[in-house]
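Here are the chains, one letter per residue:
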Amino acid sequence: MSSPQEIDVQDIDHLGIIAGIVDEIGIVEIVDRLLGTHEQENVSCGQVVKALILNGMGFLSAPLYLFSEFFEGKATEHLLGQGVHPEHLNDTRIGRVLDKLYAYGVTQVFVSVAIAVVQKFDVALRCAHLDATSLSVEGEYLDKPLVELSDDPNDAGEGDSGTPLAESEEPIPVQITYGYSRDNRRDLKQFVLNLLVSGDGGIPLFLQVGNGNDADKSTFVPIIHDFKQQWSQQQPEVIVADSALYSADNLRALGSISWISRVPASSTAAQDLLQGLPGSRFHPSVLNGYSFVEVCSTYEEIQQRWLVVDSKARRDSGLKQVQKRIDMAFNQKTTALHTLCKQSFSCPADALAAAEAFGKILKYHTLDDLKIHKKPHYPKAGRPTKETVVTHFTYSIEATLALNEPVIERHRRQAGRFILATNLLIQEQWSNDDILREYKNQQACEGGFRFIKDPLFFASSVFLKTPRRIAALAMIMALCLMVYSLGQRQLRNALEQVQTTLPNQKGKQTTKPTLRWILQCFQAVHLVWLDGAKHLIKLNSRQQLIVPFLGKGCEKYYLLC
């Protein structure tokens, strides 16, 4: 009788797609080249980075101290390389790799990967979009690293617990501290993540981790110059950013760099344009739902083009916000007026002055039916007789609130409008529609930040103990975004090339599916091992339809090539 066959079943799910994209980029090879390898190590730095990306995009709430458990039951060798087992991915090895990433320079490592992506996948660099976000953390953070960097190959050893680090005098470049929180978590410390992404597919191009109290206005220009320096061989034509970039000092510091930015609505010139331009002066854009007026401007002796844009979608929501502010102001000022009317004044002039001062703080209303009441006072309490002499008089105010219709009309006219500014002055090279289109692509940055802050993302709650490892983990988070953005871009391009579609989560055919939906379609995919050899991965018809559009790198993980 023949001996029974040994069968083992391991999970792959959507991780084969992520691993395939990582391989197509060459992240493992790039990291190993930069950080070095050792012949005695069980798992290289590049493989650890790949494992971190798989963990980060595993759609599970799996913190790093449960990292090896994340790979239990998964096809770890199949995904990461022969001889790599979950126990090799212990917290000590991960910590040392994060330290090495920091020591080399997280920005330099990230840029090396980004340049490879742009060159290999022909990512267009017409525009680069800059934005920043804050990431909250809990707990206290040490000023000294926990482990020492070492050339000992046992750093990668199974179960190596590491040795305590000698205290370092190196200054801390990233300060985990309190600052302006985009998540309204002012009670938590934070750090800032600055990203530049391409207009083509939202591929992250540049990363910089900043202090928790950094202000965008003061950091954007140095970041742009650093980006330009490190991308010296390939330069985007234009930098696009939000209103934090638009200040006199920043525009002068940018020099000859081409830029597009939104003008802060708080300036007097902007307010006059937003509220004063009649609708008849706006011309429709080729972008549906938008119209604009071009205005030539010179700001701080810098010649530029202003584009006053009216958005129908923003107008509808903007009008609701205006009405909400009017109602809130009415309730607040009605209470304040009631308190003012209870006050007593020694003369009519004082009462009138108080009424005028109150009227000046009203934004959407005016004082109506204003009356000054005169009240006599007597020596004794009670009802006075005809002979009782008045000792003195006090004066009080009576008034109501009325809508200030001219002011409200100006605010309603402003609803849905914003101003774009640029130093691109030649219409034939950059039309108004081009400028508006590129600024709308700024949502690529915002979408990337939403991806990083998603509750399913493992780093949404950062728990590492040193600023160094926080910075390195932020780079891993940005690599996850790069893998996701590139995978989605390549999938959509492949569908466009063959003029076909895929069903979305609602069952409707689309040429632009989200990669998240595609990844969700690959749950419950398993690799069957037979007598120690890869034997079978069973895919359903939908999965078999999808994989070829994801590229050869993904096909090999599902045994289709």
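Residues numbered from 1 in each chain as written. Predicted model: local features only at pLDDT ≥ 70, side-chain atom pairs only at ≥ 80, totals over all residues. Heavy atoms only, no water.

**What about the overall build of the chain?**
Then step 1. Each helix and strand counted, the chain has 19 helices and 16 strands in total.
Then step 2. The buried share among the 561 residues of the chain stands at 51%.
Then step 3. Contacts in the chain between residues far apart in sequence, at least 24 positions, make up 71% of those at least 6 positions apart.
Then step 4. If you sum the accessible surface of the chain, you get close to 27,500 Å²; carbon and sulfur atoms cover 49% of it. (Helix = DSSP H or I, 4+ residues; strand = E, 2+ residues; numbered from the N terminus. Buried < 20%, exposed > 50% of the residue type's maximum accessible area, 1.4 Å probe, protein only. Contact = heavy atoms within 4.5 Å. Areas by Shrake-Rupley, 256 points an atom, 1.4 Å probe, with all protein chains shown as cover.)

**Considerations on the packing of aromatic side chains**
Then step 1. A full pass over the atoms with the stated rule returns 8 aromatic pairs.
Then step 2. Aromatic rings pair up to connect Phe206, Phe227 and Trp231 into one cluster.
Then step 3. Just above the ring of Trp430 sits the side chain of Arg126; from NZ or CZ to the centre is 3.8 Å. (Phe/Tyr/Trp six-rings, centres within 6.5 Å; stacked < 30°, edge-to-face > 60°. Lys NZ or Arg CZ within 6 Å of the ring centre and 35° of its normal.)

**Examining the sheet that holds strand β2 (residues 127-137)**
Then step 1. The strand order across the open sheet built from 9 strands is β4-β3-β2-β5-β6-β12-β9-β8-β7, with neighbouring strands paired in mixed fashion. Edge positions in the sheet fall to β4 (204-210) and β7 (283-284), since each of these pairs with one other strand and no more.
Then step 2. When β7 meets strand β8 (residues 290-299), the two strands line up antiparallel, connected through 2 bridges. Note on β8: the bridge partner recorded for Pro284 is Ser291.
Then step 3. Sitting on the sheet, helix α15 (residues 443-452) is in contact with β2 and β3 (189-198), with an inclination near 30° to β2. (Pairing = 2+ DSSP bridges. Axes fitted to C-alpha atoms, helices over the stretch in contact; angles between N-to-C directions.)

**Remarks on helix α6 (residues 91-104)**
Then step 1. The first and last C-alpha atoms of α6 sit 20 Å apart over 14 residues, in line with the 20 Å expected at 1.5 Å per residue.
Then step 2. The buried fraction of α6 is high, at 11 of 14 residues.
Then step 3. Among the residues trailing α6, Gly105 stands out with phi positive, at a value near 120°. (Expected span 1.5 Å × (residues − 1).)

**Some remarks on the sheet that holds strand β15 (residues 526-530)**
Then step 1. One open sheet holds the 3 strands; their spatial order is β1-β15-β16, and the pairing between them is antiparallel. Only two strands of the sheet have a single partner each, and these edge strands are β1 (7-11) and β16 (533-537). Sheet twist, expressed as the average angle between the axes of neighbouring strands with direction ignored, equals 30°.
Then step 2. The pairing of β1 with β15 spans 5 bridges and is antiparallel. Within β15, the residue paired with Asp8 across the bridge is Trp529.

**Some words on the nonpolar core**
Then step 1. Counting 135 residues, the largest nonpolar core has Ile53, Leu101, Ile518 and Tyr558 as its most contacted members.
Then step 2. When sequence neighbours within four positions are dropped, the list of residues in contact with Leu101 reads Val31, Leu35, Val49, Val106, Val109, Ala472, Met475 and Ile476. (Core = buried A, V, L, I, M, F, W, Y, C linked by side-chain atoms within 4.5 Å.)

**Considerations on the pairing of β4**
Then step 1. Most of β4 is tucked away: 6 of the 7 residues are buried.
Then step 2. Of the pairings in the sheet, the one linking β3 to β4 comprises 6 bridges and is antiparallel in character. In the sheet register, Val197 faces β4, and the bridge partner there is Pro204.
Then step 3. From the end of β3 to the start of β4, which pair antiparallel, there are 5 residues, and Gly201 there has a positive phi angle of about 85°.

**Considering the confidence of the model for the chain**
Then step 1. Considering every residue of the chain, the mean pLDDT works out to 86; 90% of them sit at 70 or more.
Then step 2. Under a pLDDT of 50 for its full length, residues 142-171 has, in the predicted model, 65 contacts with residues more than four places off or in other chains. (pLDDT = per-residue confidence, 0-100.)

**A short note on the pattern of salt bridges**
Then step 1. A full pass over the atoms with the stated rule returns 11 salt bridges.
Then step 2. Ionic pairing is found between Arg93 and Glu41, a salt bridge with its closest N-O pair at 3.4 Å. In this pair, Arg93 is assigned in helix α6 and Glu41 in the loop between α2 (27-35) and α3 (45-56), connecting sequence segments 52 residues apart. Each member of the pair, Arg93 together with Glu41, is buried.
Then step 3. Residue Asp200 pairs with Arg489 through a salt bridge whose shortest N-O separation is 2.9 Å. Residue Asp200 is located in the loop between β3 and β4, and its partner Arg489 is located in helix α16 (residues 467-497); the two are separated by 289 residues in the primary sequence.
Then step 4. The class of Asp200 is partly exposed, set by a relative accessible area of 23%. (Salt bridge = Lys/Arg side-chain N within 4 Å of Asp/Glu carboxyl O.)

**Digging into unusual backbone geometry**
Then step 1. A positive phi angle, close to 50°, is found at Asp13, a residue other than glycine.
Then step 2. Accessibility expressed as a relative area gives 15% for Asp13, which makes it buried.
Then step 3. With a phi close to 55°, Asp122 is a non-glycine residue in the positive phi region.
Then step 4. Summarising the element assignment, Asp122 is placed in the loop between α7 (106-121) and β2.
Then step 5. When its relative accessible area of 64% is taken as the criterion, Asp122 is described as exposed.

**So, α7**
Then step 1. With 16 residues, α7 should cover 22 Å at 1.5 Å per step; its first-to-last C-alpha distance of 22 Å lies within 8% of that length.
Then step 2. Every buried residue belonging to α7 is among Val106, Thr107, Val109, Phe110, Val111, Val113, Ala114, Val117, Val118 and Phe121, and all of these are buried.
Then step 3. Residues of α7 that are buried sit in contact with α1 (15-25), α2, α6, β4, α8 (216-230) and α16.
Then step 4. Positive phi shows up at Asp122, right after α7, with a value of about 55°.

**Quick word on the pairing of strand β9 (residues 302-311)**
Strand residues, when the strand is regular, have side chains that alternate between the two faces of the sheet.
Then step 1. Across the 10 residues of β9, 9 count as buried, placing the element largely inside the fold.
Then step 2. What sits between the antiparallel neighbours β8 and β9 is a turn of 2 residues, in which Glu300 has the positive phi angle 50°.
Then step 3. Inspection of the sheet shows β9 paired to strand β12 (residues 417-422) by 6 bridges, in the antiparallel sense. Residue pairing across strands places Asp310 opposite Arg417, the latter belonging to β12.

**Quick word on the packing of α6 against α7**
Then step 1. At a minimum axis distance of 5 Å, the contact between α6 and α7 shows a crossing angle of 90°. In terms of their interaxial angle, α6 and α7 are classed as roughly perpendicular. Facing Leu101, Tyr102 and Tyr104 of α6, the residues of α7 in contact are Val106, Gln108 and Val109.
Then step 2. Residues belonging to the contact of α6 with α7 are distributed by class as follows: 5 nonpolar, 1 polar and no charged. (Parallel < 35°, antiparallel > 145°, perpendicular 65-115°, else oblique. Nonpolar A, V, L, I, M, F, W, Y, C, P; charged D, E, K, R; others polar.)

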